[in-house]
Amino acid sequence: MSLSAVKTASKLPDLSRVPAVDEVGVDERVARFQSRSIKTASKVDALKMILSMIDLTTLEGQDTPGKVRQLCQKAIHLHDAMPGLPHVAAVCVYPNMVGIAKQVLAGHGINVASVATAFPSGMSSLDIKLDDTKMAVDAGADEIDMVISRGAFLAGDYGLVFDEIVAIKEACGDAHLKVILETGELATLDKVWRASWLAMHAGADFIKTSTGKIQPAATMQVTLVMLQAIRDYYYETGRMVGMKPAGGISTAKLAVHYLVMLKETLGNAWMTPDWFRFGASSLANDVLMQIMKQATGVYQSPDYFSKD
Amino acid sequence: MAAKTKQKQRLAVAKTYKIYIDGKFPRTESGRYFALEDKKGKVIANICRSSRKDFRNAVVAARKAQPGWAKSSAYLRGQILYRIAEMLEGRSEQFVDELVLQGRTKLQALKEVTTAIDRLIYYAGWADKFQQVFSSVNPVASSHFNFSVLEPMGVIAVIAPDDSSLIGLVSNIAPAIVGGNTCVALTSEKYPLCAISFAEVLHASDVPAGVVNILTGLREELTGQFASHMDVNAITWCDGGTRTAKSVQEAAADNIKRVISRRDVDWLSDDNAHPYLIRDTQEIKTTWHPIGS
Amino acid sequence: MAIPENKLAFDGGWDYDPAPESTDHVRIDKRYGLFINGEFTAPEKGRYFDTINPANEEKLARVAKADDADVDKAVKAARKAYAGPWGRMKARERGKYIYRIARIMQERAREFAAIESLDGGKPIRESRDVDVPLAAAHFFYYAGWADKLEYAFPGRHAKSLGVAGQVIPWNFPLLMAAWKLAPALAAGNTCVLKPAETTPLTALKLAEVIADADLPPGVVNIVTGAGDTGAAVVTHPGVDKVAFTGSTGVGRIIQKALAGTNKKYTLELGGKAANIIFADAAIDQAVEGIVNGIFFNQGHVCCAGSRLFVQESVADQVIAKLKDRMETLIVGDPLDKNTDIGAINSSMQLEKIESYLAIGQQEGGEMHQSSCPLPDKGYWCRPTIFTGVSQSNRVVQEEIFGPVLAIQTFRTFDEAVTKANNTPYGLSGGVWTDKGAKIFNMTQKVRAGVVWANTFNKFDPTSPFGGYKESGVGREGGLHGLDAYVKLGVK
């Protein structure tokens, strides 16, 4: 597929007049979300919703087929001692682990997501990125988490970044495309908004904060700016785009704050795993402990929950 | 009439004392006057008995001039005040004569004129400094840059002290205008001569039209107008008892006018020249801005 | 961005359960006397009035009604303390007493917050996060000035005035008490404070704190009552300084009443602040600024950003976003931690606000309110905006003191300046733009005592607050706030 063909399909948006974002104002808004007090039934509902939105993730060089199988088992059996729990949304792995995950998860309604495009740095050619993507898709990945070329973006070469996303989206076929902005490398919230806007116009199904390999990963601040960009895009086009904060969300309390932020920014239509995901590895257990605490009234110990 | 009586060899040209509005010297629109007499009852001059319409016109001029005057640089305002002093110095003899004519001794008159000149120099120097003394950067607890600066109140109505022809007027006008206000001043009723000559000095000193407006007239008639005008931001008044205090403030309350009371002040004393008189005619504005990226 | 065409939905789905602030640690007496000369005393005529919870119209306590004789007693006690222990005390020691007040308030912060919300109707989030901590911070800030006054007024000698008579409003009951008392005490004055009729409780709890802090009797006296009690405080011949916060109407009466006396006075009066949004602003943060500007404390804020001016090219976008944001505001139980907008302070105020809603519509304005449910009992008003209004409309000109925003558009910078300043008020203003030069230009041109650029409704003890024109005389807060409580003499 040639790039010129792609350019006629989608059009690079005008990024010269994107709105400014004021950091202190964003901080204040986030503080308001954090001051919401979520109690009793609304808390249990929130915790279950969080579980259902988790992309259970392992992205290590030392990942083994065994570890991926174990993670998939966890995805299916979050905590069987507690009936009525939802399963997570997806398991997120490297392309070479997609086949194994697919096998274990077959028939459980849990998606397999794969990172691709020379994850996490994206420092490769488009051809290699396309091959990487195709490999994951061919192995059965339901979702592709790609990274943008931050170097090109920061250098102002928006056309290149845009065209890459368009090309990868094309390569995804039926798989959903999540575009990782790696906000920790974009430095300012203005750039986060701009990258979000670009990615959505290029066809992203989801936009995602981080690879998890760079600090800071997801913060409520960058997530809010991305949610507002999603809202603006929806206002303008009527197309819903999903949001995935990833990395750094390890407590149930913090995840609940994210849900509050989601609800008050985009409204109820986005409050499902179809439109919101948490990219996390240790979050699930903390949420499970909180659910047990709500059910039993007793504070929990991590030793009673499987670590995978 | 206000002629120099010693010049007998030729008929002196008497000066017509007019009022000063918007950089011009009209007579009062009312056509009224009151006779200023010396101790012996001889008429020194017919003084304009300004009307409330004159005052209204003066306020319009002052309001029109105010934004431009406030926007001019402090450096420029300082230089203009300095220029007033220079002009006054050059004409000091005339002022001494007028003060003597109004009953001061030569020595008293000299002191008053030189003090007035020095006072103008004093306030000229404050033009670009008082802001530094009275402003502040405020260390607020949140992530904001916060600072407070002085801004001129706007149009100041000045009722000059009645027992002083020149120094009282100068001491009240200078601190008002140096900070970017414009003013309408009512001169001493008893000793009005110098005020009009001072207006001529102002006129020759690069003071923009309308920045200072000077009216002569009757206090009883005009004080209430000065105090009540809805487009005047502050009133400075200098003498009168409780009754005056009461009527001024009552009228001022209609637009929450700032009332600056300066009674029983010895204007010849340097102790009574200080930047707090400038600050009296300034508002404090505090500005907040986030510190972020 | 184009005009939003696609609507978001905020109703239904996952919602927040009630999260009420616990009140088991709160102690409210059945009846309160007047705090005079260091102790609670019964009013001379034995008259009391009810203070109610505006969120459910239930009685919270009976509060003494001070008449002239009670006020006289309070002023005399203040005079005695001024002539006695407080006046003679070393400045440093005076400061330490004020620090003590700050500390005890911090310790009892939760109790203060709960009572403030019970008595006044404001959301607990605000009393907890804004009113009470700021009040304590005010005492802490001014405590430190007590022994440093000579540095505040270069070239002058600052001397206390004597007895300060202070009358405060119902919108920030405790915070306004702190704004009044802290600088007065720091400068060495003694005080007679009159809280608002509908919100006396936190001031009376503050009296407990003052007693616990062992301040000498009479240094702070608190007399409760209605307007006539306030008048008695203001006009008492033994009062040397009057400080008032309230409406411009009453401020005018006070300024007249003080005419011919030598009493120094400061007035913090009404406002109708312009909040100006330029097209190049950070729009989402500006929308938050609009919300904080007009819906903070139910809009019972003298510096509320009640007039919105939006540059026409972004007006539709801003208004659409504002409407969506309004849908997420929770109106209800002030004690619920999730409440954004509490109860209107009194039935009288609610009537006034509702009359303006009717006026605005009669004038041809288009009214939009959020769709949130309201409780059955108590006094409530949904967040409201008016579009299609102009400078000549009453909802644009007059202070409503409720959650009601009047929106107009502008094309040019100069038009915005002209409209913003076209008001007798001049308390505050807001400017939103991403361009630095424009910020400085606009903040200079707005004729108001406090200008928030790219933010709104921020307060700090170090930051002077007060208005131009009919919004008042003098400043409170910061170094400049000391000025109201001293007379300056030659060194």
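The structure reproduced in this document is the subject of the present report.

Criteria and thresholds
- Residues numbered from 1 in each chain as written.
- Chains lettered and ligands numbered in written order.
- Predicted model: local features only at pLDDT ≥ 70, side-chain atom pairs only at ≥ 80, totals over all residues.
- Helix = DSSP H or I, 4+ residues; strand = E, 2+ residues; numbered from the N terminus.
- Rg over C-alpha atoms; globule rule 2.2 N^0.38 Å.
- Core = buried A, V, L, I, M, F, W, Y, C linked by C-beta atoms within 7 Å.
- Buried ≥ 20, exposed ≤ 12 C-beta atoms within 10 Å, placed from the backbone.
- Contact = placed C-beta atoms within 7 Å.
- Nonpolar A, V, L, I, M, F, W, Y, C, P; charged D, E, K, R; others polar.
- Pairing = 2+ DSSP bridges.
- Axes fitted to C-alpha atoms, helices over the stretch in contact; angles between N-to-C directions.
- Parallel < 35°, antiparallel > 145°, perpendicular 65-115°, else oblique.
- Expected span 1.5 Å × (residues − 1).
- Right-handed = clockwise from strand over helix to strand, strands pointing away.

### Considering the overall build of chain B
On a plain count of helices and strands, chain B comes out with 10 helices and 10 strands. Taken over C-alpha atoms, the radius of gyration comes to 20 Å for chain B, in line with the 19 Å a tight globule of 293 residues would show. Taken along the three principal axes of its C-alpha coordinates, chain B extends 80 × 35 × 30 Å.

### Remarks on the nonpolar core
Within the largest apolar cluster, 366 residues are counted, with the highest numbers of intra-cluster contacts made by Ile50(A), Ile54(A), Val91(A), Ala199(A), Leu120(B), Cys183(B) and Ile98(C). Setting aside chain neighbours within four positions, we find Ala199(A) in contact with Ile148(A), Ile165(A), Val179(A), Leu181(A), Ala204(A) and Ile207(A).

### Some thoughts on the interface of chain B and chain C
With 30 residues of chain B at the contact, the number on the chain C side is 40 residues. Secondary structure elements with two or more residues in the side of chain B that touches chain C: strand S4 (144–152), helix H9 (242–252) and strand S10 (282–290) of chain B. Per element, the largest residue contribution to the side of chain B that touches chain C is 8 residues, and it comes from S10(B). Grouping the constituent residues of the side of chain B that touches chain C by class yields 11 nonpolar, 13 polar and 6 charged. Note: S10(B) against strand S18 (residues 450–453) of chain C, 3 bridges, orientation parallel. Bridging from a neighbouring strand, Thr286(B) pairs with Val450(C) of S18(C).

### Some thoughts on the packing of helix H3 (residues 40–52) of chain A against helix H12 (residues 252–266) of chain A
Residues and elements named next belong to chain A. Across the interface, H3 lies against H12 with an axial gap of 10 Å and an inter-helix angle of 90 degrees. By the angle between their axes, H3 is roughly perpendicular relative to H12. Where H3 abuts H12, its residues Ala46, Leu47, Met49 and Ile50 lie against Ala252, Ala255, Val256 and Leu259. A class-by-class count of the residues in the contact of H3 with H12 yields 8 nonpolar, no polar and no charged.

### Brief notes about the interface of chain A and chain B
Listed per partner, the contact involves 5 residues of chain A and 5 residues of chain B. Split by residue class, the side of chain A that touches chain B holds 1 nonpolar, 2 polar and 2 charged.

### A word on the sheet that holds strand S5 (residues 155–159) of chain B
All names here are of chain B. On the basis of which strands lie adjacent, the open sheet formed by 5 strands has the order S7-S6-S5-S8-S9 and parallel pairing. Looking at the sheet topology across the chains shown, the edges are occupied by strand S7 (212–215) and strand S9 (258–261). On average, each strand axis in the sheet is tilted by 15 degrees relative to the strand beside it, whichever way the strands run. The sheet contact formed by S5 and strand S8 (residues 234–237) spans 4 bridges and is parallel. Looking at the pairing, Ile159 lines up with Trp237 of S8. Sitting on the sheet, helix H1 (residues 52–71) is in contact with S5, strand S6 (182–186) and S7, with an inclination near 155 degrees to S6.

### Re helix H8 (residues 158–172) of chain A
Residue and element names in this part refer to chain A. Between the first and last C-alpha of H8 there are 21 Å, a value that for 15 residues agrees with the 21 Å anticipated at 1.5 Å per step. With 11 of 15 residues buried, H8 lies mostly within the body of the structure. The set of residues buried in H8 consists of Val161, Phe162, Asp163, Glu164, Ile165, Val166, Ala167, Ile168, Lys169, Ala171 and Cys172. Among the residues trailing H8, Gly173 stands out with phi positive, at a value near 60 degrees.

### Considering the pairing of S9(B)
Residues and elements named next belong to chain B. As paired strands, S8 and S9 are joined by 4 bridges and run parallel to one another. Paired with Ala234 across the two strands is Arg258, which belongs to S9. Each parallel crossover has a hand, and for S8 linked through H9 to S9 it is right-handed.

### Some words on the environment of Tyr265(C)
Residues and elements named next belong to chain C. Within the element layout of this structure, Tyr265 appears in strand S11 (residues 264–268). Taking the number of C-beta atoms within 10 Å as the measure of exposure, Tyr265 has 22 and is therefore buried. The contact partners of Tyr265, leaving out residues within four places of it in the chain, are Lys241, Val242, Gln255, Leu258 and Val473.

### What about the sheet that holds strand S5 (residues 58–64) of chain C?
Residues and elements named next belong to chain C. Read across the open sheet, the 3 strands follow the order S1-S5-S4; overall the sheet is mixed. The open sheet has two edge strands with one neighbour each: strand S1 (31–32) and strand S4 (48–53). Two strands pair when backbone bridges link them, and S1 and S5 are joined in this way by 2 bridges, in the parallel orientation. Bridged to Arg31 within S5 is Arg62.

### Quick look at unusual backbone geometry
Here the residue pair Phe119(A) and Pro120(A) is connected by a cis peptide bond, since its omega of 0 degrees sits within 30 degrees of zero. You can see Pro120(A) is positioned in the loop between strand S3 (111–115) and helix H6 (126–138). Cis geometry is adopted by the peptide bond preceding Pro216(A), which originates at Gln215(A) and carries an omega value of -10 degrees. If you trace the backbone, Pro216(A) turns up in the loop between strand S6 (206–208) and helix H11 (220–237). Although it is not a glycine, Asp264(B) adopts a positive phi angle of roughly 55 degrees. Along the polypeptide, Asp264(B) turns up in the loop between S9 and helix H10 (275–279). By the C-beta count within 10 Å, which is 8 here, Asp264(B) ends up exposed. Positive phi outside glycine occurs at Lys469(C), with the angle close to 50 degrees. If you trace the backbone, Lys469(C) turns up in the loop between S18 and strand S19 (472–473).

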